[in-house]
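Structure at a glance
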Amino acid sequence: MSEADRPRKGMDTVTRPRILVVGAGFAGVKCVRRLERRLAPDEADLTLVTPFSYQLYLPLLPQVASGVLTPQSVALSLRRSERYRTRIIPGGAIGVDLRAKVCVIRTIDGEVVDEPYDYIVLAPGSVTRTFDIPGLTDHAFGLKSLAEAAYLRDHVISQLDIADASHDPAERASRLQFVVVGGGYAGTETAACLQRLTHAAVKRYPRLDPGLIKWHLIDIAPKLMPELGENLGRSAQQILTRRGIEISLGVSIAKAGAEEVTFTDGRVVPTRTLIWTAGVVASPLIGTLGAETVRGRLAVNADMCLPGHDGVFALGDSAAVPDVAKGDGAVCPPTAQHALRQGRHVAENVIATLRGLPTRQYVHRDLGLVVDLGGKDAVSKPLGIELHGVPAQAVARGYHWSALRTGVAKTRVMTNWLLNAVAGDDFVRTGFQAHRPGSLRDFEYLDAYLTPEQVRAHVGEAGRAAR
């Protein structure tokens, strides 16, 4: 050790507590912003692990896929904040050793690094839920990321372009059929928005028969969006049926191929577009902890602390946070509404723990649900009040607009909405992903995570090397 590296007499060698937040979704970003506001700069060091330095407003992705909104309008930069002082590690957490208090991260350039922490907030979100269906991950498209939304828009428009140029009736028919699996919010809104896009676009293709364009929305559940209740769910189904979307309930996919999809009821649909939105599961990161889970989500207390582990908090889609407002053992659903409030609440509990104060339970009553079906169509249930049509659309878009974190994002989204309402759609393929595959397998990176044993072995080897 050189003389310059030796600690000088009287030097303060006390380090600040290290707070590590994993994930830049609604929960993670809300937590970081709260910590930045409530903690003094010399009170703790803040670090955020995320592959992208923006927060994605996920509920508006169907409108990005349909071209109503531009990708930039729903990607909120993390570096615009005036209080920005959090160190961002560009990568994804692939394992956590709770005993050694080390998070293993694979950066975007492929390097694997170890990040020690004193307090960790786990908000890695969720990934698309898939099943062991032949061909699914190779041929289905997802809608969980900005890249997937942009890719899907290009793909759908390219099907119209290719069908218009084709002289083969069979190929033309297969390219003009689209299948969406998942009757929840994501699937319903995706089918609704993209059907409006193709319906408007076909007017620009005089060689195409509009009757050949067919959209299928299928779900294994007996009802469409059961969370909305009987009346609103039926209303949404009637709106989609009136538009020409064929809805099949109690049905799923038996097999997926490059040019056709087989339903579980035996039907074979020729198609080049299978969109899979059949729910989500907690990030595979949770499986690396070796901790108790509830249906794949990390089991935490009502204050979002992990039992038996000091300084470990979990929230959002990857945590089974008890829903104290409902009781009876219920857990909070994986919605943006809960994630935002949990992010703020867990930040206060981290600060309380840091300062030796007691933590508080998370309690929030659901404010309602909104479903934007595009144009003037929507169904909403704010505070239990059922709305249809324009009033529901006003509530849906008003809620999303108010939930956007920055004024810049609000301005962009409102401008996009107004421009689309006045000028209509543009049917432009960007082409920037034309030579890349875009299936679930290519976007989800599910094979990147370590097992608990691999995490412990990696951290142990790194520690011995450091000594």
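Our subject is the structure listed above.
Notes on the structure follow. (Residues numbered from 1 in each chain as written. Predicted model: local features only at pLDDT ≥ 70, side-chain atom pairs only at ≥ 80, totals over all residues. Heavy atoms only, no water.)

**Thoughts on the pairing of strand β12 (residues 214–219)**
The side chains of a regular strand alternate between both faces of the sheet. Most of β12 sits inside the fold, with 5 of its 6 residues counted as buried. Running through helix α6 (residues 185–201), the crossover from strand β11 (residues 177–181) to the neighbouring parallel element β12 is right-handed. As paired elements, β12 and strand β13 (residues 245–249) share 5 bridges and run parallel to each other. Its bridge partner lying in β13, W215 is registered against I245. Read as a crossover between parallel neighbours, the route from β12 over helix α7 (residues 230–243) to β13 is right-handed. (Buried < 20%, exposed > 50% of the residue type's maximum accessible area, 1.4 Å probe, protein only. Helix = DSSP H or I, 4+ residues; strand = E, 2+ residues; numbered from the N terminus. Right-handed = clockwise from strand over helix to strand, strands pointing away. Pairing = 2+ DSSP bridges.)

**Side note on the pattern of salt bridges**
A complete count under the given rule lists 18 salt bridges for this structure. The salt bridge involving R355 is made with E43; its shortest N-O contact spans 2.8 Å. Taken together, the positions of R355 in the loop between α8 (336–354) and β23 (368–372) and E43 in the loop between α1 (26–38) and β2 (45–50) put the pair 312 residues apart, joining distant regions of the chain. Among the residues examined, E43 registers a relative accessible area of 22% and is labelled partly exposed. When the shortest N-O distance is used, the salt bridge between E230 and K223 registers 2.7 Å. (Salt bridge = Lys/Arg side-chain N within 4 Å of Asp/Glu carboxyl O.)

**Some words on the nonpolar core**
Grouped together as the largest cluster of nonpolar side chains are 109 residues, with contacts concentrated most on L35, V96, I120 and L122. With residues near it in sequence (within four places) discarded, L35 still touches I19, V21, L46, R85, A347, V350 and I351. In this structure, A140, F263, W276 and L440 belong to the second largest nonpolar core, which totals 16 residues. (Core = buried A, V, L, I, M, F, W, Y, C linked by side-chain atoms within 4.5 Å. Contact = heavy atoms within 4.5 Å.)

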